[in-house]
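Residue-level listing of the chains:
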Amino acid sequence: NKPDERLYRLIYSNKSTLGYDRYHKYAMAVKSQKDPLTFLVRKESTYYPVYWLLKTIKRKLRILEVGCSYGYLSIALKRMGHDVTGIDISKEAISFARQNFGEYFVQSDIASFSKQGKKFDLIIAIELIEHLAEPVHFISDCMKLLDSGGRLLVITPNKDYSKGSIWQTDLPPVHTVWLSRQSFISISKKFGLNVSFVDFSNVSGDRENKLVELFLYRVAKSFAPILESDGHLVQQKMGQPSLFRNIAALFLVDFAPIRLMCN
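Keep in mind the model is a prediction, meaning the values are calculated, not measured.

Undergrad: Any chance you could explain the side chain of Thr156 here in plain terms?
TA: In this structure, Thr156 sits in the loop between strand S5 (146–155) and helix H9 (181–191). Overall, Thr156 belongs to the buried group, its relative accessible area being 18%. Within the local environment of Thr156, its side chain forms a polar contact with the side chain of Glu130, the two groups lying 2.7 Å apart. Not counting residues up to four positions away in its chain, the partners in contact with Thr156 are Ile129, Glu130 and Phe184.

Put into structure tokens, the structure is as follows:
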């Protein structure tokens, strides 16, 4: 169930790691935001299900964020008045979160943390479960921490998005599983849980064009690795985009009417 901590120590020791660098940018940006959760949703639709779930709940919740990274989402929820704890296996990420946002963060995996006895009304795991070797064990550990009537919100790449592909997500050892709706239906039946899905296909961040993403995702044969075979980070060099790509980006992403129409 527990991923190799060395991998994430390596990833979070370099704030410019491609794909993970945006998390550091979000963490720096939320400090000055009056409404940090709305800010995150506008940046990336991944956070919309959190907004969707909390917008109708008026009471203060005890929330656990598993895999909290630099702590920016946890602190966004805390500023809404909730009692929030964030955990992550990365010492570097937790150190950053504690230094920048306060003593609300614990370096731990879910299995160890589930032994501490505290109960939560809501557990959030955003793009975490795909990193684990035993996702069913993860759900089991979360259930130990949920209070009666509590909810578990899991967000992960959807295998149904590209049916027929054997593997079309980040390569192991970063991602280890690729789950579909049926995966969660089966896991829920195993534990006697009710399961529902959040449709946020029509929601997009300021830089997200869903039609372009869908096309690129379906034609991609593989994603570039972020690690060398010896475990060191790949030297990622971003080339200068062509004039054509700049013009295309201007209309497809920066020009809101076209972006919204595509979405």
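Undergrad: Help me understand helix H1 (residues 5–12), please; the structure alone is not making it clear to me.
TA: An α-helix turns once every 3.6 residues. As a result, residues three or four positions apart point the same way. Restricting attention to buried positions, one finds in H1 the residues Leu7, Tyr8, Ile11 and Tyr12. All buried residues of H1 fall inside an arc of 115° around its axis, so they share one side. Where H1 is buried, its residues contact helix H2 (21–30) and helix H6 (91–101).

Undergrad: Just to check I follow, could you spell out the packing of aromatic side chains for this structure?
TA: Note on aromatic pairs: each is described by the distance of the centres and the angle between the planes. For the coordinates displayed, the defined rule picks out 12 aromatic pairs. With 5.2 Å between their ring centres and 85° between their planes, Tyr12 and Tyr70 make a pair best called edge-to-face. Within this pair, whereas Tyr12 is found in helix H1, its partner Tyr70 is found in the loop between strand S1 (62–66) and helix H5 (72–78), the two being separated by 58 residues in sequence. For Tyr70, a relative accessible area of 2% translates into the label buried. When the ring of Tyr23 is compared with that of Tyr72, the centres are 6.3 Å apart and the planes differ by 25°; the resulting orientation is stacked. Taken together, the residues span a long stretch of sequence, with Tyr23 in helix H2 and Tyr72 in helix H5 at a distance of 49 residues. Taken together, the ring pairs in this structure connect Tyr12, Tyr20, Tyr23, Tyr26, Tyr47, Tyr70, Tyr72 and Phe96 into an aromatic cluster.

Undergrad: Help me out: how do you make sense of the packing of H2 against helix H3 (residues 36–43) in this one?
TA: Geometrically, a packed helix pair is captured by the angle between its two axes and the distance between the axes. Where H2 contacts H3, the axes come no closer than 10 Å and their chain directions differ by 145°. The handedness of the crossing between H2 and H3 comes out as right-handed. In this structure, H2 uses Tyr26, Ala29 and Val30 to contact H3, whose residues at the interface are Pro36, Phe39, Leu40 and Lys43. Counted by class, the contact of H2 with H3 contains 6 nonpolar, no polar and 1 charged residues.

Undergrad: Help me understand the packing of helix H8 (residues 135–145) against H9, please; the structure alone is not making it clear to me.
TA: Following both chains from N to C, one finds H8 and H9 inclined at 50°, their axes separated by 11 Å at the closest point. One element, H8, and the other, H9, form an angle in the oblique class. Every pair of crossing elements has a handedness; the one defined by H8 and H9 is right-handed. For the pair formed by H8 and H9, the contact residues are Val136, Ile139, Ser140 and Met143 on the first element and Ile187, Lys190 and Phe191 on the second.

Undergrad: What exactly am I supposed to notice about unusual backbone geometry here?
TA: A negative phi angle is the norm for most residues apart from glycine, just as the trans form is the norm for most peptide bonds. With omega at 10°, the peptide bond leading from Pro172 into Pro173 counts as cis. Of note, Pro173 is situated in the loop between S5 and H9. We note that Ser69 has phi near 55°; this positive angle belongs to a residue other than glycine. Phi at Glu127 is positive, roughly 50°, even though this residue is not glycine. In this structure, Glu127 sits in the loop between strand S4 (120–126) and H8. With a relative accessible area of 25%, Glu127 lands in the partly exposed category.

Undergrad: So what exactly am I meant to see when it comes to the sheet that holds S1 here?
TA: Think of a sheet as strands paired side by side through backbone hydrogen bonds, with each pair either parallel or antiparallel. Pairing is parallel in the open sheet, where 5 strands are placed in the order S3-S2-S1-S4-S5. Each edge of the open sheet carries a strand with a single partner, namely strand S3 (105–107) and S5. Strand-to-strand, the axes of this sheet are offset by a mean angle of 20°, without reference to chain direction. Pairing between S1 and strand S2 (residues 83–88): 5 bridges, direction parallel. Bridged to Val66 within S2 is Ile87.

Calculation criteria
- Residues numbered from 1 in each chain as written.
- Predicted model: local features only at pLDDT ≥ 70, side-chain atom pairs only at ≥ 80, totals over all residues.
- Heavy atoms only, no water.
- Helix = DSSP H or I, 4+ residues; strand = E, 2+ residues; numbered from the N terminus.
- Buried < 20%, exposed > 50% of the residue type's maximum accessible area, 1.4 Å probe, protein only.
- Polar contact = N/O pair within 3.5 Å; in protein donor to acceptor, adjacent residues only side chain to side chain.
- Contact = heavy atoms within 4.5 Å.
- Arc of directions from axis to C-beta.
- Phe/Tyr/Trp six-rings, centres within 6.5 Å; stacked < 30°, edge-to-face > 60°.
- Axes fitted to C-alpha atoms, helices over the stretch in contact; angles between N-to-C directions.
- Left-handed = near helix turned anticlockwise from the far one by under 90°.
- Nonpolar A, V, L, I, M, F, W, Y, C, P; charged D, E, K, R; others polar.
- Parallel < 35°, antiparallel > 145°, perpendicular 65-115°, else oblique.
- Pairing = 2+ DSSP bridges.

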